[in-house]
Amino acid sequence: MNTKVKKVMIVDDNEFDCYITSKIINNLDPTVDIMEFNSSLTAIGYLEEFQNSPEKLPNLIFLDIYMPILDGFDFIEKFNELSGVIKEYTKICILSTTVDDLYIHKARVNESILFTSKPITKEFIQGIFN
Amino acid sequence: MRLIKAIVVDSNIDVINQLSKFADENAIIIDVCGFCDNLKQSISFIKEHKPELIFLQPTADNLASFSLLKELDFNIPKFIFISDDLTNAYDAYKHSAVDFQKKPLDFNELIISIYKVIKLIEMEISFQNQKVNQIKSLSVENSDNGFIAISSSDKIELIKLEDIVYCKAEGKYTEFVLSNKQKILSSKNLGEYSSILISNYFFRIHHSYVVNVKQIIKITKKDGLYCEFAHGISLPVAKRRQEEFVKFIKL
C-alpha cells in the first residue's frame, strides 16, 4: 500500500482492542510503525514531550473514549493545548464502541476529528491512509 | 488479555493450515487446542477441552449433529462457520453462529470474527454479573435489617421500620408517618415499598395505606374495621381486605 501514514498511535486502555486495531493496520501495511498506549495519561505525556519533533510524532491517533482518569474527550482537550506543529502534523480518529447518543454526537460535531466504530475495518483504514 | 480456546471442525486441509497459521500469528488471543474432521467425532473432545469457540465446516452431516451439543454440561461454544457456499450463511444464522467466513480465509476478516466472539462473550458475562448484582442488592433491601431507606428529591433518610406508623400513597409519592408525628415524603410510590414492608409486620389495609401492625392500639368495628393508632389517628380497612387483615393480625 502506498501511504503517507508512517506512524500510528493507538490509545486504548483495553489491551485486546489495542491488539486488534494494531493487527488490522499491520496486516494491511506491515511498514506502518505502531505505538500502543494502554494509558491515555502516558500517551498525552509522550505527545507533550515531542510536540515539536515531527519525526517522533504519529500521523494518526486512534483514540478510545471510555478510559479511566483521562477519557477520550479530555485527551482531545489536552491535545488542543499543544503546539501548532503537532496539530498540523497529527490527526485524531475516535475509535469507540459507545452506544451513547450524546457521545456519538459529541464525537461527530468536531469535523477535524474522524470517528468510526470498533472494530476498525480495512476499508476505513484504506480510506484515510490514501 | 483474554485467551480464547478454540477447536477446528473441518476436513479441508487448506482451512486447517490457514487456521493453524492464523492461531500461531495471534497466539496472544487465540489457542487452537484441536482439529477434528466432523462434529460427531469431536463431541468427546469438546467435552474434555471445553472450547469457547468452534470453527465449523457446515456440511449437512455436521449441521445434523448440532443437536449433540445440547448434551454439553457447560456453556455451548460460539461458532464461526467457514464455507464456499453462501447458502450456508442461512444455516449460520439459524444456529446463531457469531460469524461466517468465506474461503479462502482472510486474516483481517478472521481477526474481526475473533473480535466479535470475544465481545459477545464479554457482553454475556457482564450482563450476567449485572443481573447477579441486581438480585444481590434486592435481597439486601429485602433482608430484615430493621431499617428502610427513604429517598426524596434531595436526601435519603434511614428510618427504623418499628418507628413507622403507616405509609400513605400520595399519587406517585409515598408519605411515611412516624410515631413521633414526623412525616417524610418519598419520591417513590407505595408499591415500590410494599414488598419490603410486607415481608415484615406491615399490612396493606387499603389501596392507599400500609400500616405497621405493631403500632395499632385497637381495632374498632363501626361500619367496617378501623385501625386506631396513637395521637388519635384512625384508618379504615378496605372491605375486600378485611378478611385477610383479620387473619394477619391473629398470627
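Summarised in this report is the structure supplied together with it. (Residues numbered from 1 in each chain as written. Chains lettered and ligands numbered in written order. Predicted model: local features only at pLDDT ≥ 70, side-chain atom pairs only at ≥ 80, totals over all residues.)

Re the overall build of chain B
And then number 1: For chain B, the count of helices and strands is 7 helices and 15 strands.
And then number 2: Counting over 251 residues, chain B shows a buried share of 28%.
And then number 3: Put simply, of all contacts in chain B between residues at least 6 apart along the chain, 51% involve residues at least 24 apart. (Helix = DSSP H or I, 4+ residues; strand = E, 2+ residues; numbered from the N terminus. Buried ≥ 20, exposed ≤ 12 C-beta atoms within 10 Å, placed from the backbone. Contact = placed C-beta atoms within 7 Å.)

Details of the overall build of chain A
And then number 1: The helix and strand tally for chain A stands at 6 helices and 5 strands.
And then number 2: Across chain A, helices and strands are ordered from the amino to the carboxyl terminus as β-α-β-α-β-α-α-β-α-β-α.
And then number 3: For chain A, buried positions account for 31% of its 130 residues.
And then number 4: Long-range contacts, defined as pairs at least 24 residues apart, comprise 69% of the intrachain contacts of chain A with a sequence gap of at least 6.

What to know about the interface of chain A and chain B
And then number 1: Between chain A and chain B, the residue contacts involve 10 residues of the former and 10 residues of the latter.
And then number 2: Taken together, the residues that form the side of chain A that touches chain B break down as 6 nonpolar, 1 polar and 3 charged. (Nonpolar A, V, L, I, M, F, W, Y, C, P; charged D, E, K, R; others polar.)

Section: the nonpolar core
And then number 1: Judged by nonpolar contacts, the single largest core of 57 residues is most densely connected at Val11 of chain A together with Phe55 of chain B.
And then number 2: Broken down by element, this core gets its largest block of residues, 7 residues, from helix H5 (residues 107–142) of chain B.
And then number 3: Beyond its immediate sequence surroundings of up to four residues, Val11 of chain A is in contact with Phe37, Ser40, Ala43, Ile61, Phe62, Leu63, Asp64 and Phe75 of chain A. (Core = buried A, V, L, I, M, F, W, Y, C linked by C-beta atoms within 7 Å.)

Comments concerning the sheet that holds strand E3 (residues 60–63) of chain A
Residue and element names in this part refer to chain A.
And then number 1: Reading across from one edge, E2-E1-E3-E4-E5 is the order of the 5 strands in this open sheet, with parallel pairing throughout. Edge positions in the sheet fall to strand E2 (33–37) and strand E5 (114–117), since each of these pairs with one other strand and no more. Adjacent strand axes in the sheet meet at a mean angle of 20° when their direction is disregarded.
And then number 2: The pairing of E3 with strand E4 (residues 91–96) spans 4 bridges and is parallel. (Pairing = 2+ DSSP bridges. Axes fitted to C-alpha atoms, helices over the stretch in contact; angles between N-to-C directions.)

Description of the environment of Ala27 of chain B
And then number 1: Among the secondary structure elements, Ala27 of chain B is positioned in the loop between helix H1 (13–25) and strand E2 (30–36).
And then number 2: Distance from Ala27 of chain B to Ile4 of chain B, taken between C-alpha atoms, is 9.5 Å for residues 23 residues apart in sequence.

Notes on the pairing of strand E1 (residues 4–9) of chain B
Residues and elements named next belong to chain B.
And then number 1: Burial runs high along E1: 5 of the 6 residues are buried.
And then number 2: Where E1 lies against E2, 6 bridges are found, and the strand directions are parallel. The partner of Ile4 across the bridge, within E2, is Ile30.
And then number 3: At this point the chain moves from E1, through H1, to the parallel E2, and the crossover so formed is right-handed.
And then number 4: The sheet contact formed by E1 and strand E3 (residues 53–56) spans 4 bridges and is parallel. Considered in E3, the bridge of Ala6 is made with Leu53. (Right-handed = clockwise from strand over helix to strand, strands pointing away.)

Quick look at unusual backbone geometry
And then number 1: Omega for the bond connecting Lys118 of chain A with Pro119 of chain A falls within 30 degrees of zero, at -5°, which places this linkage in the cis form.
And then number 2: Mapped onto the elements, Pro119 of chain A comes out in the loop between E5 and helix H6 (122–129).
And then number 3: Omega for the bond connecting Lys103 of chain B with Pro104 of chain B falls within 30 degrees of zero, at -5°, which places this linkage in the cis form.
And then number 4: As for its position among the elements, Pro104 of chain B is in the loop between strand E5 (99–102) and H5.
And then number 5: Positive phi outside glycine occurs at Ser96 of chain B, with the angle close to 55°.

Some thoughts on the sheet that holds E3 of chain B
Strands pair in a sheet through their backbones, by hydrogen bonds, and they do so in one of two ways: parallel or antiparallel.
Residue and element names in this part refer to chain B.
And then number 1: The 5 strands are arranged E2-E1-E3-E4-E5 in an open sheet whose pairing can be described as parallel. Looking at strand neighbours, the two that pair on one side only are E2 and E5, the edges of this open sheet. Direction aside, the axes of adjacent strands within the sheet are offset by 20° on average.
And then number 2: Packed on one face of the sheet, H1 meets E1, E2, E3 and strand E4 (78–83) and runs near 160° to E2.
And then number 3: Along the sheet, helix H2 (residues 39–49) makes contact with E1, E2 and E3, crossing E1 at roughly 165°.

Side note on the pairing of strand E10 (residues 183–186) of chain B
Residue and element names in this part refer to chain B.
And then number 1: In this structure, strand E9 (residues 173–178) lies alongside E10, joined through 4 bridges in antiparallel fashion. When the sheet's bridge partners are listed, Glu175 is paired in E10 with Leu185.
And then number 2: Connecting the antiparallel pair E9 and E10 is a turn made up of 4 residues, with Lys181 showing a positive phi of about 75°.

What to know about the environment of Tyr173 of chain B
Residue and element names in this part refer to chain B.
And then number 1: Counting through the fold element by element, Tyr173 comes out in strand E9.
And then number 2: Between the C-alpha atoms of Tyr173 and Lys188, which are 15 residues apart in sequence, the distance is 5.2 Å.
And then number 3: Not counting residues within four places of it along the chain, the set of residues in contact with Tyr173 comprises Leu185, Ser186, Ser187 and Asn189.

Some details on the packing of helix H2 (residues 40–49) of chain A against helix H3 (residues 72–80) of chain A
Residues and elements named next belong to chain A.
And then number 1: Look at H2 against H3: their axes get within 11 Å of each other, and the N-to-C directions meet at 15°. Considering their axes alone, H2 and H3 lie roughly parallel with respect to each other. Relative to H3, the crossing made by H2 is right-handed. Facing Ser40, Ile44 and Leu47 of H2, the residues of H3 in contact are Phe75, Lys78 and Phe79.
And then number 2: For the contact of H2 with H3, the class distribution of residues is 4 nonpolar, 1 polar and 1 charged. (Parallel < 35°, antiparallel > 145°, perpendicular 65-115°, else oblique. Left-handed = near helix turned anticlockwise from the far one by under 90°.)

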